[in-house]
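Here are the chains, one letter per residue:
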Amino acid sequence: GESPREGGEEDNEELAPPEFEDEDGLEWVYEDDRGGVQGPFSTSELQGWIREGYLQPTRRGGPAGTDAAEMQPLGRYAEFLSVVPEDWEEDLVAPPPPSKGSEASLSREEEEALRRAKAEAAAEAARVAAE
């Protein structure tokens, strides 16, 4: 008999990653200093590296399949909150995203809201400066 799971499993790179229900099945990628993407690694591997200081919480990454452009600092993902120092966000130049519960990544709407907020803040600063 042939095993039904033979072949065909690995080459669906083109498809969008499935919605992850099973926490432990999550795999992660991160961006290295040269802008290359490393991974995928399991949640527990990354947690260990963050805890031991090999990876900074400010390092950008995301669930496997995330585009580099969509990656967030690892410290923002719910899975890594337990291993990052409280004040790690201070190392980030960017303001933290509006917190919407434990959403792991920003939705398009949140991205837009963030962009708008930044634009408004800039306009506000310009208006103040002009007075």
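To be clear, the structure that these remarks concern was listed above.
The present account deals with the structure reproduced in this document.

Rules of the game
Residues numbered from 1 in each chain as written. Predicted model: local features only at pLDDT ≥ 70, side-chain atom pairs only at ≥ 80, totals over all residues. Heavy atoms only, no water. Pairing = 2+ DSSP bridges. Helix = DSSP H or I, 4+ residues; strand = E, 2+ residues; numbered from the N terminus. Salt bridge = Lys/Arg side-chain N within 4 Å of Asp/Glu carboxyl O. Buried < 20%, exposed > 50% of the residue type's maximum accessible area, 1.4 Å probe, protein only. Contact = heavy atoms within 4.5 Å. Axes fitted to C-alpha atoms, helices over the stretch in contact; angles between N-to-C directions.

In this sheet, strand S2 (residues 37-42) lies alongside strand S1 (residues 27-31) in antiparallel orientation, the contact comprising 4 bridges. Residue pairing across strands places Glu31 opposite Val37, the latter belonging to S2. Taking the residues between adjacent antiparallel strands as the criterion, S1 and S2 are bridged by 5 residues, where Gly35 takes a positive phi near 85°.

Here the structure, examined in full by the defined rule, presents 5 salt bridges. Of the charged contacts in the structure, one is a salt bridge between Glu89 and Arg76, with a shortest N-O distance of 3.6 Å. Of this pair, Glu89 sits in the loop between strand S4 (72-73) and helix H2 (108-130) while Arg76 sits in the loop between S4 and H2, and the two are 13 residues apart along the sequence. Judged by its relative accessible area of 17%, Arg76 falls in the buried class. In this structure, Glu112 engages Arg115 in a salt bridge whose closest nitrogen and oxygen atoms are separated by 2.6 Å. Taken together, the residues span about one helical turn, with Glu112 and Arg115 both in helix H2 at a distance of 3 residues.

So, on to the sheet that holds strand S3 (residues 60-63). Spatially, the 4 strands line up as an open sheet ordered S2-S1-S3-S4, and their pairing is antiparallel. Two strands close off the open sheet at either side, each with one partner strand: S2 and S4. On the sheet, helix H1 (residues 43-52) packs against S1 and S2 and is oriented at approximately 110° with respect to S2.

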